[in-house]
Amino acid sequence: MKSEETEEQIEEVLEHLWTLREQRVAAQPDLAGEPFQFDPTAAIAVARRRAWITGGREGLDLTPAGEERAAGIIRRHRLAERLLFDVIHLDKEAMEACACELEHSHILSEEATDRVCAFLGHPPTCPHDRPIPRGRCCAKFSDEVRPLVTPLSQSAIGGSYRVVFIASRSHQRLDRLAAFGVVPGAVLRLHQRLPTFMVQVGGTDIALEREVAADIFVLPH
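Worth saying up front: this structure is predicted, and the values here are computed from it rather than measured.

*Asks:* In this structure, what is going on with the packing of aromatic side chains? I would like to understand it.
*Replies:* Between two aromatic rings, the relevant description is the distance of the centres plus the angle of the planes. For the structure shown, the criterion picks out 2 aromatic pairs. Consider the rings of Phe 36 and Phe 38, whose centres lie 5.1 Å apart with planes at 45°: the pair is tilted. With centroids separated by 4.6 Å and ring planes inclined at 15°, the aromatic side chains of Phe 165 and Phe 217 adopt a geometry described as stacked. A residue pair is termed long-range when its members are at least 10 positions apart, and Phe 165 in strand β4 (residues 160–166) and Phe 217 in strand β8 (residues 216–220) qualify at 52 residues. According to the relative accessible area criterion, Phe 217 is buried, its value standing at 11%. Sitting over the ring of Phe 85, Lys 92 keeps its end group 5.6 Å from the ring centre.

Structure (C-alpha cells):
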C-alpha cells in the first residue's frame, strides 16, 4: 500500500471514530461493517502505534492525541463544505467530493483553515448542520481577514442579503424564524436597526430583537 494511501485511510478511520462519537454510537473493535471503501485493519494498526486510537474487545475510541488530530480533519472538511456550498454554490454531491479532496490533500494548512473560518464568519455548523470544531481563530477577535459572511446585526440599512446560516440552537427561535420565511437561502432587506431590527422577507415586514439578528448570518445579495 502506498504511504499516501495509508495516510488517507488513517484519516478516514479517525474521522469515522469522531462521527460515531458524535452520534453516541460505540465503535466495533475492528470497525467491521462500517462503510469504508477499503479494509481498515492496516490503518487501525498504524493509528494504534501512533497512539491516536485505543481500546480492545470493548470497542475503539480516540485518545486525546487522536481526538486533536480528528478535530483538525473534521474542521477542514466541514469548513470546506461551507465554502463550496455557500460561496461557490456547488450542489451537495459536488460539494462533498471536493471537500473530501481538500480534506486529504492538506492544501488547507492550519493557518489557511483559520483564514477560511474567519472569512466565513466562524460558522458553528456545516451545511449538514453538524458542528464544526472550534479553532484558535474562533477564540479571539481578528481583523486580519474581513469576513464575507457576517451577522445581520452588523449589516447596513438598505442592503439586500441572503441568509447563509442561523447560529441559534434554540428550536423555538428557529421555528419562529422559519414561520416568517427566515431560513437559509432566503433573501431579506434590512430597513431599520433601532429600536429593533426591521427586515422585509418576501413582501412581509418583521421585527427582530438585536440578539436574534445577531444569530442570522448573511451574505450581500
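Next comes the rest of the account.
*Asks:* Any chance you could explain the nonpolar core here in plain terms?
*Replies:* When a protein is soluble and globular, its nonpolar side chains tend to lie buried together. Among the nonpolar cores identified, the biggest contains 22 residues, and Val 13, Leu 14, Leu 17, Leu 31 and Ile 53 are the most heavily contacted of them. Counting only elements with at least two residues in this core, the list comes to α1 (3–22), α2 (41–49) and α3 (64–87). Broken down by element, the residue count for this core peaks at 6 residues, all from α1. Once you skip the residues sitting within four places of it in the chain, Val 13 turns out to touch Leu 31, Phe 36, Phe 38, Pro 40, Ala 43 and Ile 44. With 18 residues, the next largest nonpolar core counts Val 182, Ala 186, Ile 216 and Val 218 among its residues.

*Asks:* Even after reading the chapter, I still don't get the sheet that holds β4, so can you show me in this structure?
*Replies:* Two pairing modes exist for strands in a sheet, parallel and antiparallel, and in both the strands are linked by backbone hydrogen bonds. Spatially, β3-β8-β4-β5-β6-β7 is the arrangement adopted by the 6 strands of the open sheet, whose pairing is antiparallel. On the outer flanks of this sheet lie β3 (150–151) and β7 (204–208), each paired with one strand and no other. For strand β6 (residues 197–201) and β7, the ladder comprises 5 bridges, and the chain directions are antiparallel. By the bridge assignment for β7, Val 201 is matched with Thr 204.

*Asks:* Got a minute to help me understand the packing of α3 against helix α5 (residues 110–119) in this structure?
*Replies:* When two helices pack together, their arrangement is captured by the angle between the axes and the distance separating the axes. Between α3 and α5, the shortest axis-to-axis distance is 10 Å and the interhelical angle comes to 40°. Accordingly, the angle class assigned to the pair α3 and α5 is oblique. Two packed elements cross with a definite hand, and for α3 against α5 that hand is left-handed. Of α5, the residues touching α3 (which contributes Arg 75, Arg 76, Leu 79 and Leu 83) are Thr 113, Asp 114, Val 116, Cys 117 and Phe 119.

*Asks:* Explain the pairing of β8 to me, please; I cannot follow it from the model alone.
*Replies:* Regular strands show a simple pattern: their side chains alternate between the two faces of the sheet. Taken across its 5 residues, β8 has 4 buried, putting it largely inside the fold. As paired strands, β3 and β8 are joined by 2 bridges and run antiparallel to one another. Looking across to β8, one finds that Thr 150 is bridged to Val 218. Relative to β8, β4 runs antiparallel, the two sharing 5 bridges. Residue pairing across strands places Phe 165 opposite Phe 217, the latter belonging to β8.

*Asks:* What's the story with the pattern of salt bridges in this structure? I'm lost.
*Replies:* Applying the stated criterion across every chain yields a total of 11 salt bridges. Taking the shortest distance from any N to any O, the salt bridge between Arg 21 and Asp 61 comes out at 2.8 Å. Separated by 40 residues along the polypeptide, Arg 21 in helix α1 and Asp 61 in strand β2 (residues 61–62) bring together distant segments of the chain. With relative accessibility at 32%, the residue Arg 21 sits in the partly exposed group. We classify Asp 61 as partly exposed; its relative accessible area is 34%.

The rules we used
- Residues numbered from 1 in each chain as written.
- Predicted model: local features only at pLDDT ≥ 70, side-chain atom pairs only at ≥ 80, totals over all residues.
- Heavy atoms only, no water.
- Phe/Tyr/Trp six-rings, centres within 6.5 Å; stacked < 30°, edge-to-face > 60°.
- Helix = DSSP H or I, 4+ residues; strand = E, 2+ residues; numbered from the N terminus.
- Buried < 20%, exposed > 50% of the residue type's maximum accessible area, 1.4 Å probe, protein only.
- Lys NZ or Arg CZ within 6 Å of the ring centre and 35° of its normal.
- Core = buried A, V, L, I, M, F, W, Y, C linked by side-chain atoms within 4.5 Å.
- Contact = heavy atoms within 4.5 Å.
- Pairing = 2+ DSSP bridges.
- Axes fitted to C-alpha atoms, helices over the stretch in contact; angles between N-to-C directions.
- Parallel < 35°, antiparallel > 145°, perpendicular 65-115°, else oblique.
- Left-handed = near helix turned anticlockwise from the far one by under 90°.
- Salt bridge = Lys/Arg side-chain N within 4 Å of Asp/Glu carboxyl O.

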